[in-house]
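One-letter residues, chain by chain:
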Amino acid sequence: MQLVFEQIRAGGDRNFGYLLGDRHAKQAVLIDPSYSPETFVQRARDQGLTVTHVVNTHGHPDHTNGNERALALTGARLAAHPDLRPDVILDDGAELAVGSWHLRVMHVPGHCADHIALYEPEHQLLVTGDLLFVGKVGGTRTAGDAETEWTSLQRLLAAVPDTATVWPGHDYGVRPCSTVALERASNPFLRCRSLEEFLRLKEEWPAMKAAMGLK
Ligand SMILES: [Zn+2]
C-alpha cells in the first residue's frame, strides 16, 4: 500500500478538490472535482488508478457541479451525505475504503446541513471542505447555524490529533493547507473560548475583513 494524495485547484472561487488513492491497489477517489472533472480524472489515469468513488464534502454547487461528468468519465459511484441521494451513503461514523486506506466520515453541519469531514488516520489527513479553512471557518446564515458549526468544530477537533493536517475546500488562507495545531493557535475562530465569543466574532467578521482588506 502506498498513498497517493493530491490537492488540486479546481477553479471557481479558489476551490480545492483532492485525489486520494492507494498506488498498489490501483484505486482512488476524487473529492469535490467540481469545475475541473477532466483534470481530476486525468491525474488518476496518468497514475494507473481506477476511480471507485466521487466524494462530496457537501451539497453546494461549487463542490458538486463536476459530479455528473466525473461519474460519466469513470463509471465510479457517488458517495456523500444521505441528503444528496448518493449511491453510497456517508453518514456519521461511516468508513469508505480506498484500497488499503480508510476514510472516516464525520457529520459536521453548520455551513450547511449535509456537510461531512473525511479523516484518513494512517497519514492523519483531515479533509474539512467548507467547515474549516486556513485561518477562518465556513460561512453561516443564522446564529442557529453558527452554533451548530461551533459544535461541529469542537467535535471534529476533539476526534483528531493536533498533528493532523488540514485540507480545506477553498484556498482562502495564507497557505493552502495547515495542521490542527497551527489552526488551534492562529485561527481566530478556533481561538474563541466560548460559543458566545465565537458568535460575536462571526457577527463582527465582515467588518473586520473589510478593515483588514481580506477577501
Ligand atoms: Zn459550501
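Refer to the structure presented above.
The text that follows walks through the structure, step by step, so that each part is easy to find. (Residues numbered from 1 in each chain as written. Predicted model: local features only at pLDDT ≥ 70, side-chain atom pairs only at ≥ 80, totals over all residues. Heavy atoms only, no water.)

### Regarding the packing of helix α4 (residues 143-159) against helix α6 (residues 195-212)
For any two helices packed against each other, one specifies the inter-axial angle together with the distance between the axes.
Step number 1: Between α4 and α6, whose axes approach to 10 Å, the crossing angle comes to 125°. For the element pair α4 / α6, the angle class is oblique. Judged by the sense of rotation from one axis to the other, the crossing of α4 with α6 is right-handed. Across the interface between the two elements, Ala143, Ala146, Glu147, Glu149, Trp150 and Leu153 of α4 pack against Leu195, Phe198, Leu199 and Lys202 of α6.
Step number 2: Of the residues belonging to the contact of α4 with α6, the class tally is seven nonpolar, no polar and three charged. (Axes fitted to C-alpha atoms, helices over the stretch in contact; angles between N-to-C directions. Helix = DSSP H or I, 4+ residues; strand = E, 2+ residues; numbered from the N terminus. Parallel < 35°, antiparallel > 145°, perpendicular 65-115°, else oblique. Left-handed = near helix turned anticlockwise from the far one by under 90°. Contact = heavy atoms within 4.5 Å. Nonpolar A, V, L, I, M, F, W, Y, C, P; charged D, E, K, R; others polar.)

### Focus on the packing of aromatic side chains
Step number 1: Going through the model one piece at a time under the given rule, you end up with eight aromatic pairs.
Step number 2: For the pair tyrosine 18 and tryptophan 167, a centre-to-centre distance of 6.1 Å together with 80° between the ring planes defines the contact as edge-to-face. Of this pair, tyrosine 18 sits in strand β2 (residues 15-22) while tryptophan 167 is found in strand β13 (residues 165-168), placing the two residues 149 residues apart along the sequence.
Step number 3: Look at tryptophan 167 and you get buried, because its relative accessible area is 14%.
Step number 4: An aromatic cluster is present here, built from Phe5, Phe16, Tyr18 and Trp167 joined pairwise through their rings. (Phe/Tyr/Trp six-rings, centres within 6.5 Å; stacked < 30°, edge-to-face > 60°. Buried < 20%, exposed > 50% of the residue type's maximum accessible area, 1.4 Å probe, protein only.)

### What about the side chain of glutamate 120?
Step number 1: Within the element layout of this structure, glutamate 120 appears in strand β9 (residues 116-120).
Step number 2: Among buried Asp, Glu, Lys and Arg side chains, glutamate 120 stands out as unpaired, with arginine 104 the closest opposite charge at 8.2 Å.
Step number 3: For glutamate 120, the side chain forms a polar contact with the main-chain nitrogen of histidine 123, separated by 2.7 Å.
Step number 4: With near-sequence residues (within four places) excluded, glutamate 120 lies in contact with Trp101, His102, Leu103 and Leu125. (Lys, Arg positive; Asp, Glu negative; His and termini not counted. Salt bridge = Lys/Arg side-chain N within 4 Å of Asp/Glu carboxyl O. Polar contact = N/O pair within 3.5 Å; in protein donor to acceptor, adjacent residues only side chain to side chain.)

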